[in-house]
Amino acid sequence: MPETTPEPAPGPTASALRVSVDLNRCQAYAQCCYAAPRHFRIEGREALYYDPAPSAADRDAIEQARIACPVQAIHVEDPERSAP
Amino acid sequence: MTDAASSAHAVVVGASLAGLRGAEALRRAGFAGRLTIVGAEPHPPYDRPPLSKHVLTGEVPAEATRLPGLLALDAEWRLGCAASGLDRASRTLRLADGTELSYDRLLVATGTRARPWPNPHEGRLGGVHTIRDRDDAASLRAALAARPRRVLIIGGGFIGCEVASACRSLDLPVTLVEPSPTPLARVLGTHLGSVVGALHESRGVDLRSGAEVEWLEDDGAGRVARAHLAGGGSVEADIVVVALGAVRNTDWLAGSGLSADPGGLDCDKRGYALDEAGRPDTRIAAAGDVARFPHPLYDGRRVALEHWGHAVEQAEHAGRLLAGHEAAAPYAALPTFWSTQGGINIKSVGLTQGADGLAIVQGSPAEGRFLALYGREGRCIAAVSVDCARWLPAYAAMIEARAPFPPIRQGTDQPGHLPVLPPGFPEKPRR
Ligand SMILES: Cc1cc2nc3c(=O)[nH]c(=O)nc-3n(C[C@H](O)[C@H](O)[C@H](O)COP(=O)(O)OP(=O)(O)OC[C@H]3O[C@@H](n4cnc5c(N)ncnc54)[C@H](O)[C@@H]3O)c2cc1C
Ligand code: SF4
């Protein structure tokens, strides 16, 4: 059995970032929404919507959002940068 | 068992949230041996919560839900290949493709599957859906995008309510049938359930509480046409979503001697799997939706949770355990959950099961934002917030401390205890 990593996600470009937010932790402070408004927004009073597969071209905004979150609820994987 | 020995082989069965985070925890705890991850689905680990929310509305493609990896795993992946059997004496795992894998450590993270409609013929009719996997969500999304005349949802639990909400966001006619007096009655009780039910009705959901679907009729061409309700009446619908809860994926453990049934694989308080005689197998741990374990906060009552946060935390615990780091204290993470539906954010901490009283401690249902505290035998056991999440951590701390219930009213001009209401749990659990 050769050593393999999972195949890249089809659909969104293979180099798309992968984002997940721990919505138990999220307190809807919305800092991520200011940092990356195209990928994070608050729906209703406090439900966070996020884009789980932002384009790699937006990595700087996504990284700013990740750092801005006061409860560190945002996880990001950058397939182009993560060590194999 | 601190053989971070590079010759040991750890196998993770189930390549989803708990499997991925458990594998990462094994590595983070220093496990340097061979690591294999076996998954029944062809997809690498992805996130399920969006499947019943923004995937259905079309805002997120189903295949965009892939989970971020948090570290380089150096693992072998066997995807699209289910484990079909376990022989503990020889420490071998049988796979559906006929091959075998031997293991020194095994993490069971096979989760759950959607409970099917009880009549298999009706369940296979065109237009009848369940939702658990990415492919289920993609197929339901395609069906909704084709603008059906009416969607019927059977079951008013969290997933049924979220699907109803997505349908209304798409402006599709939707009927929700739930045998209890309100949606979410089994988890939240009818007091809060009626608040959520009223919200969905205000958004145009045709809510049929206290009703039950008896059988599904086809259109003569193999597609569903209508649902017949117990006691007469029917609902015309070209799409039916069966949302009757989940069954644990433990069938593959039959004959292994482990204590497992459709309610979960039993673990001891450390996290090791138990055999039928109640003895731990210290080579095997379980995590996530599949695991049934004694929760210290609830007097050691055995629980199996279906919560995203629990899958992450228990997997991290199990990964460390299998790497040889037995924790000093049993796994006791406070259960946490969220759901978004109808534009509101519902969050909970603790387990409401068995609550004998409820107090509204922040806000009010009339304002549409409030926090309800649940108590049992004079102690706080759970809190549920509706658009009131910022208050939740304070109540989580009270639940962890088993603070007295009802709490003393604080900082108001009306000292004393808050009024205690009946939570309204239905007499017998839903099917
Ligand atoms: C539609 C939906 C919406 C949800 N929304 C929320 C939410 O808003 N908030 C929240 O807190 N939780 C939510 N959840 C629950 C949360 O997603 C689960 O708790 C979480 O996925 C559990 O992770 P797990 O890894 O234990 O199990 P699962 O995610 O079920 O993964 C188990 C994996 O094991 C695989 N498998 C099964 N049998 C075998 C076998 N024999 N061999 C190999 N592989 C096997 C399965 O194919 C699956 O990929 C939702 C769940 C669903 C389905
Ligand atoms: S910054 Fe963090 S806490 Fe605030 S909304 Fe974003 S994810 Fe949630």
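Everything numeric here is computed off the predicted structure, so don't read it as measured data.

Within chain A one finds 2 helices and 4 strands. The secondary structure elements of chain A, listed N-terminal to C-terminal, are β-α-β-β-α-β. Every one of the 84 residues in chain A was classed for burial, and the buried ones make up 48%. When the accessible surface of chain A is summed, it comes to about 4400 Å², and 50% of that surface belongs to carbon and sulfur atoms.

Right, let's talk about the overall build of chain B for a bit. The number of helices and strands found in chain B is 8 helices and 28 strands. Taken over the C-alpha trace, chain B has a radius of gyration of 23 Å; the compact-globule value for 431 residues is 22 Å, and the two agree within 12%. Oriented by its inertia axes, the alpha-carbon framework of chain B measures out at about 65 × 60 × 40 Å. Relative to its 431 residues, chain B shows a buried fraction of 58%.

Turning our attention to the nonpolar core. In this structure, Leu86(B), Leu93(B), Leu106(B), Val108(B), Val151(B), Ile153(B) and Tyr374(B) are the most contacted members of the largest nonpolar core, which totals 96 residues. In this structure, Leu106(B) is in contact with Val11(B), Val13(B), Leu86(B), Leu93(B), Arg283(B), Ile284(B), Ala285(B) and Leu322(B), ignoring residues within four places of it in sequence.

Moving on, we come to the pairing of strand β2 (residues 40–43) of chain A. Each regular strand carries side chains that alternate between the two faces of the sheet. Residues and elements named next belong to chain A. The sheet contact formed by β2 and strand β3 (residues 47–50) spans 4 bridges and is antiparallel. Residue pairing in the sheet places Phe40 in a bridge with Tyr50 of β3. The turn joining β2 and β3, which pair antiparallel and follow one another in sequence, is formed by 3 residues; a positive phi near 60 degrees is taken by Gly44.

Moving on: the site of ligand 1. Residue and element names in this part refer to chain B. Near ligand 1 you find 32 residues, and of these Ser16, Glu41, Arg48, Lys53 and Arg132 are the closest. Ala18 is positioned with one of its backbone polar atoms (N or O) 2.8 Å from an oxygen atom of ligand 1. If you list the elements that add at least two residues to the shell around ligand 1, you get α1 (17–28), β2 (34–39), α5 (158–169), α7 (308–322) and β24 (336–341). Each of domain 1 (2–113 + 247–322) and domain 2 (116–244) contributes no fewer than three residues to the shell around ligand 1.

For any part of a model where pLDDT is low, the fine detail of the predicted coordinates should not be relied upon. The predicted model of chain A has a mean per-residue pLDDT of 85, with 80% of residues at 70 or higher. A low-confidence stretch, residues 1–11 of chain A stays under pLDDT 50, and its non-local contacts, those more than four residues away or across chains, total 26 contacts.

We now examine the site of ligand 2. Taken together, 13 residues surround ligand 2, and among them Cys26(A), Tyr29(A), Ala30(A), Cys32(A) and Cys69(A) come closest. Among the residues forming the shell around ligand 2, the class breakdown is 11 nonpolar, 2 polar and no charged.

Residues and elements named next belong to chain B. Of all 6 residues in β2, 5 are buried; the element is thus mostly enclosed. Pairing geometry for strand β1 (residues 9–13) and β2, over 5 bridges, is parallel. Within β2, the residue paired with Ala10 across the bridge is Leu35. As a crossover connection, the stretch from β1 through α1 into β2 is right-handed. Bridge count for β2 against strand β3 (residues 76–79) is 4 bridges, and the pairing is parallel. Within the sheet, the bridge partner assigned to Thr36 lies in β3 and is Glu76.

Right, let's talk about the interface of chain A and chain B for a bit. Counting residues at the interface gives 39 residues for chain A and 39 residues for chain B. Here chain A packs against chain B, burying approximately 3100 Å² in sum over the two surfaces, 51% of which is carbon and sulfur. Notably, a salt bridge pairs Arg41(A) with Glu59(B), separated by 2.8 Å at the nearest N-O pair. Inspection of the region where chain A meets chain B yields 16 residue pairs in polar contact (both at pLDDT 80 or more). Among the secondary structure elements, those contributing two or more residues to the side of chain A that touches chain B are β1 (18–21), β2, β3 and β4 (74–77) of chain A. In terms of residues, the side of chain A that touches chain B owes the most to one element, β1(A), which gives 4 residues. Taken together, the residues of the side of chain A that touches chain B sort by class into 21 nonpolar, 8 polar and 10 charged.

Bringing the domain arrangement of chain B into the picture now. Residues and elements named next belong to chain B. With domains assigned, chain B is organised as domain 1 (2–113 + 247–322), domain 2 (116–244) and domain 3 (343–400). Across the contact, 6 residues belong to domain 1 and 6 residues belong to domain 3. A combined buried area of about 520 Å² lies between domain 1 and domain 3, and 63% of that area is made up of carbon and sulfur atoms. The three residues of domain 1 that bury the most area against domain 3 are Leu297, Tyr298 and Arg301, which together make up 79% of that side's buried surface. Where domain 1 touches domain 3, the interface holds 3 residue pairs in polar contact (both at pLDDT 80 or more).

Analysis parameters
Residues numbered from 1 in each chain as written. Chains lettered and ligands numbered in written order. Predicted model: local features only at pLDDT ≥ 70, side-chain atom pairs only at ≥ 80, totals over all residues. Heavy atoms only, no water. Helix = DSSP H or I, 4+ residues; strand = E, 2+ residues; numbered from the N terminus. Buried < 20%, exposed > 50% of the residue type's maximum accessible area, 1.4 Å probe, protein only. Areas by Shrake-Rupley, 256 points an atom, 1.4 Å probe, with all protein chains shown as cover. Rg over C-alpha atoms; globule rule 2.2 N^0.38 Å. Core = buried A, V, L, I, M, F, W, Y, C linked by side-chain atoms within 4.5 Å. Contact = heavy atoms within 4.5 Å. Pairing = 2+ DSSP bridges. Near = heavy atom within 4 Å. Polar contact = N/O pair within 3.5 Å; in protein donor to acceptor, adjacent residues only side chain to side chain. Domains from an automatic or database assignment. pLDDT = per-residue confidence, 0-100. Nonpolar A, V, L, I, M, F, W, Y, C, P; charged D, E, K, R; others polar. Right-handed = clockwise from strand over helix to strand, strands pointing away. Buried area = accessible area lost by both parts, 1.4 Å probe. Salt bridge = Lys/Arg side-chain N within 4 Å of Asp/Glu carboxyl O.

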